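Structural overview for review
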Amino acid sequence: MIPNLITPGKNLGYKDIFLDFLAGKNPPKHFYLADNLERVAEILDRVTFDREKIAAILRKQNELYGASPKTMENIERLKNPRAVCVLAGQQAGLLGGPLFSIVKMLGILKSARLYEQKLKRPVIPVFWIAGDDHDFDEVNHMFLLNRASEPCEITYPTPPEKELPIAEIYFSDREELSRALDKTRECLGESDFTPELFDLIDRSYTPGDTFVTAFGKITAGLFRDFGLVLFSPGDPEVKRYAIPFFETILNRQDDLHDRIQNTNDAILKAGYHIQVEKKENATHFFYNHDGRKPVMRDGDRFTCGEKTVTRDELLNCLRETPQLFSPDVMTRPVLQSYLFPTLAQKGGPSEIAYLAQINPIFELFGLPAPCHQARPTLTVLEKRFEKQMDEYEISFDDLTGDIEQAVNRVLERSFPEKLENNYATLHKSVKDAFDEFKNTSLEFDASLKKFAEQIYGKIDYNLKAFESKVFAAHKKKSQETRDKIYRLRNAVCPNRGLQERSINITYFIARYGFGIIPFLYEKIDSEQKAHQIIKMSEFV
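Remember, predicted model here, so these are calculated numbers, not experimental data.

Side note on a negative patch on the surface
A cluster of acidic residues, Asp-135, Asp-137, Glu-138 and Glu-163, forms a negative patch on the protein surface. Looking at where Asp-135 falls in the secondary structure, it is placed in the loop between β3 (123-129) and α6 (136-139).

Here it is, written out as C-alpha cells:
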C-alpha cells in the first residue's frame, strides 16, 4: 500500500535548514520572526495601504488575463481595511512552468479559505508573477511526458538581444513559438480534452504576448472558478507607487547590509548554508538600462554596467523613471509586504532558506514580517503507476534513489525459483564433496591445508561468476520489466528530481481534463509539511 504522505528528507533534495524549519527546531525557527497569524493580522491593521490604488492595478492586470468574476470579486474584497493576503510567487514559465507553480496556487487558495475561517476577516490569495526577473533560461522551457512516459522538453529558444525583465520579453519569434506549440501537441497526442486545452494555449501564447501576459492568460483559464488573483510587479504604475520603497533601499544601504550580514553570520554559525550569496557592494536592486543589471555601490557613488552616478543622481533617476527599477531576490519579499497586507508567504525549500536571511530588514521599511510558511509539495500518481508500485513492491524512496537497486531487487524476485534452487544445491554439493576430499587429503598430508583453501576459493569464485552470468542473461530477457520500472521512475521522478519540479500541468489535463484542477484543490492539504501523494485512482 503506497502511503499518502512521504516524510521530508534529503532524498527529496531538501537542505538541513529547510528540514529543521519543517520540524520546528531551533535555531531555524529563530530566523523567522512571525509564527502567529492573529498577531500579524493585528499589526497589519495599523499599517496604511493604498488599497484603492492596488485594487485598480489588479483589476487592470487581471482583466487583461481574462480573469473570472470571482477573481474580480476578490480584488474588490481587498479594499476592506481588515482584508489581508496570502502570497506565493514564481517566474512566468512556459505554459505555466513546472507543476509546482500550480501547486503554489492551489496552496494559497486553500490557505486563504482556511485562514479566513480562522481569523474572521477577508483573506485574499495573490500569486506574484515574477515579471521583473530576467533569467530567460529559467522560463523558456518546460517538460511533458510523451506517450512512452519519457520526459519531453518543450523550449522557446529565442532570447532577447539583451537581458530584459520577463515582463518585457515577447514571443516575437513566430517560427519558434509555432514549433514549441506543435511539439506540445505531438508530445501530448489527442484526447477528448486536448481541443479545449489547445484552444486555451493558442489564445494565451501569441506573438503579441509577453511571457507574463501569456502566463497570466493560461493561469486565469485554469483557475476560472477559484478567485485566484494574479499580480505582476513589472507594471509602470506599480513602480511609481513603489518609489518610496526604492528610496528606502537607497538611503539605508548601511543598515540593509548590516542586517543581512549579521543574519548570514548567525546562519553560518548555526551550521547551515547561505542560500543567496551577494557581493558586499550589492545594493539589492536592479536598473534596466540597455538590459537589466544590478546596481553596485562604491561609497556614495553607484554603478550600473559602465554608468556611474552619485546618490542624488540615482535618486532623481528613480523619481523620474521608476519603471526602470526593480528589487533583487533579497528585497522582493519586502516589496510584497509594501504593496499588499501580507499575512503569510508560502515558499518552497529554496525560498524558505533565503527568507531566513532577510527577516530583519522588514523593520527598516516599517513593515511586519509575514508568517513565512512552507508551501505544500506533491506528486500526482497515475493509476497505472500506482499498480506497478504495488506489483513490484517499489516505494517512493526507491524512485528518488538509485533506480538500479530497485530494478535488481525486482528482477531477483522474478528469478526462476527452480534455477535458483538448483544453483544452491549445486553449490552445497560441490562444497560438501570438496570438504570430504580435503579432509581425507589433510589426514594424508596436513601441509596441504592452505593449498586446498586456495583451490576451493577459485572453485567458489567461478561458481559465483557462473551464477552472475545466468542472472545477467535473465536481466537481459527481463527488459520489458526494466522498461516498465524506468517509465515509472520517469513519471514519478522525471529528470531525477521530484515530479513537481519538471512536469507541466498540461500533461495531466490532456489525460484527465480540466477537472483535475478542482480534484487537486480538494485533495491538497495546504498546511501539510510532508510530501503528499495524490492518487489518480481516486479521481472520478
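Here we look at helix α2 (residues 37-44)
Among the residues making up α2, those that are buried are Leu-37, Val-40, Ala-41 and Leu-44. Projected down its long axis, α2 shows its buried positions confined to an angular sector of 100°, all on one face. Those residues of α2 that are buried lie in contact with β2 (84-90), α5 (99-119), β12 (342-347) and β13 (371-374). Of the residues flanking the start of α2, the one acting as N-cap is Asn-36, its side-chain oxygen 3.1 Å from the backbone nitrogen of Glu-38.

What about the packing of helix α16 (residues 383-392) against helix α21 (residues 479-492)?
Two elements in contact, α16 and α21, have axes separated by 10 Å at closest approach and are oriented at 125°. Relative to α21, the element α16 lies oblique. Every pair of crossing elements has a handedness; the one defined by α16 and α21 is left-handed. Residues Phe-385, Gln-388, Met-389 and Tyr-392 of α16 form the contact with α21, whose participating residues are Thr-481, Lys-484, Ile-485, Arg-487, Leu-488 and Ala-491. Residue composition of the contact of α16 with α21, by class: six nonpolar, two polar and two charged.

Structural notes on empty space enclosed by the protein
Throughout the structure, instances matching the rule amount to three cavities of 30 Å³ or more. Looking at the largest cavity, its volume works out to about 50 Å³. Lining the largest cavity we find Asn-62, Ala-67, Ser-68, Thr-71, Thr-219, Ala-220, Phe-223, Arg-224, Leu-228 and Leu-230. Residue composition of the lining of the largest cavity, by class: five nonpolar, four polar and one charged.

Side note on the layout of surface pockets
The calculated volume of the largest pocket comes to roughly 1,100 Å³. Of all the secondary-structure elements, those providing two or more residues to the lining of the largest pocket are α1 (16-22), β2, α5, β7 (282-288), β8 (292-298), α14 (332-339) and α15 (349-358). Ranked by the residues each element gives to the lining of the largest pocket, the list is headed by α15, at five residues. The class makeup of the residues in the lining of the largest pocket is 20 nonpolar, 12 polar and 14 charged. If you add up the space inside the second largest pocket, you get close to 460 Å³. Lining the second largest pocket are 21 residues; nearest its centre among them are Phe-21, Asp-35, His-372, Gln-373 and Lys-529. If you list the elements that add at least two residues to the lining of the second largest pocket, you get α1, α2 and β13. Element by element, the count of residues in the lining of the second largest pocket is highest for β13, at four residues. Looking at the lining of the second largest pocket residue by residue, the classes come out as eight nonpolar, six polar and seven charged.

Let's talk about unusual backbone geometry
With omega at 15°, the peptide bond leading from Asn-26 into Pro-27 counts as cis. Tracing the sequence through the fold places Pro-27 in the loop between α1 and α2. The residue Leu-95 is not glycine, and still its phi comes out positive at about 55°. Inspection of the secondary structure assignment puts Leu-95 in the loop between β2 and α5. Positive phi is not limited to glycine here, since Glu-393 has a value of about 55°. Assignment of secondary structure puts Glu-393 in the loop between α16 and α17 (396-400). Given the relative accessible area of 54%, Glu-393 is considered exposed.

Quick notes on the pairing of β7
Counting buried positions along β7 yields seven of seven residues, so the element is predominantly enclosed. Here β7 pairs with β8 via four bridges, running antiparallel. The partner of Phe-286 across the bridge, within β8, is Pro-294. Where β7 meets strand β11 (residues 325-327), three bridges bridge the pair, whose relative direction is antiparallel. Across the sheet, Phe-285 pairs through a bridge with Pro-327, a residue of β11.

Regarding the packing of aromatic side chains
Under the criterion given, the structure shown has 22 aromatic pairs. On the numbers, 5.1 Å between centres and 55° between planes, the contact of Trp-128 with Phe-231 is tilted. Taken together, the positions of Trp-128 in strand β3 and Phe-231 in strand β6 (residues 229-231) put the pair 103 residues apart, joining distant regions of the chain. On the basis of relative accessible area, Trp-128 is assigned to the buried category, the value being 2%. Ring plane angle 75° and centroid distance 4.9 Å describe the contact between Tyr-507 and Phe-508, whose orientation is recorded as edge-to-face.

Calculation criteria
- Residues numbered from 1 in each chain as written.
- Predicted model: local features only at pLDDT ≥ 70, side-chain atom pairs only at ≥ 80, totals over all residues.
- Heavy atoms only, no water.
- Patch = residues over 30% accessible without salt bridge, like charges linked within 9 Å, V, L, I, M, F, W, Y side chains within 5 Å.
- Areas by Shrake-Rupley, 256 points an atom, 1.4 Å probe, with all protein chains shown as cover.
- Salt bridge = Lys/Arg side-chain N within 4 Å of Asp/Glu carboxyl O.
- Lys, Arg positive; Asp, Glu negative; His and termini not counted.
- Charge placed at Lys NZ, Arg CZ, Asp CG, Glu CD.
- Helix = DSSP H or I, 4+ residues; strand = E, 2+ residues; numbered from the N terminus.
- Buried < 20%, exposed > 50% of the residue type's maximum accessible area, 1.4 Å probe, protein only.
- Arc of directions from axis to C-beta.
- Contact = heavy atoms within 4.5 Å.
- Polar contact = N/O pair within 3.5 Å; in protein donor to acceptor, adjacent residues only side chain to side chain.
- Axes fitted to C-alpha atoms, helices over the stretch in contact; angles between N-to-C directions.
- Parallel < 35°, antiparallel > 145°, perpendicular 65-115°, else oblique.
- Left-handed = near helix turned anticlockwise from the far one by under 90°.
- Nonpolar A, V, L, I, M, F, W, Y, C, P; charged D, E, K, R; others polar.
- 1 Å grid on protein atoms, 1.4 Å probe; cavity = no way out; pocket = protein on both sides within 12 Å on 5 of 7 lines; lining within 4 Å.
- Points joined across faces, edges and corners; volume = space filled by probe spheres on them.
- Pairing = 2+ DSSP bridges.
- Phe/Tyr/Trp six-rings, centres within 6.5 Å; stacked < 30°, edge-to-face > 60°.

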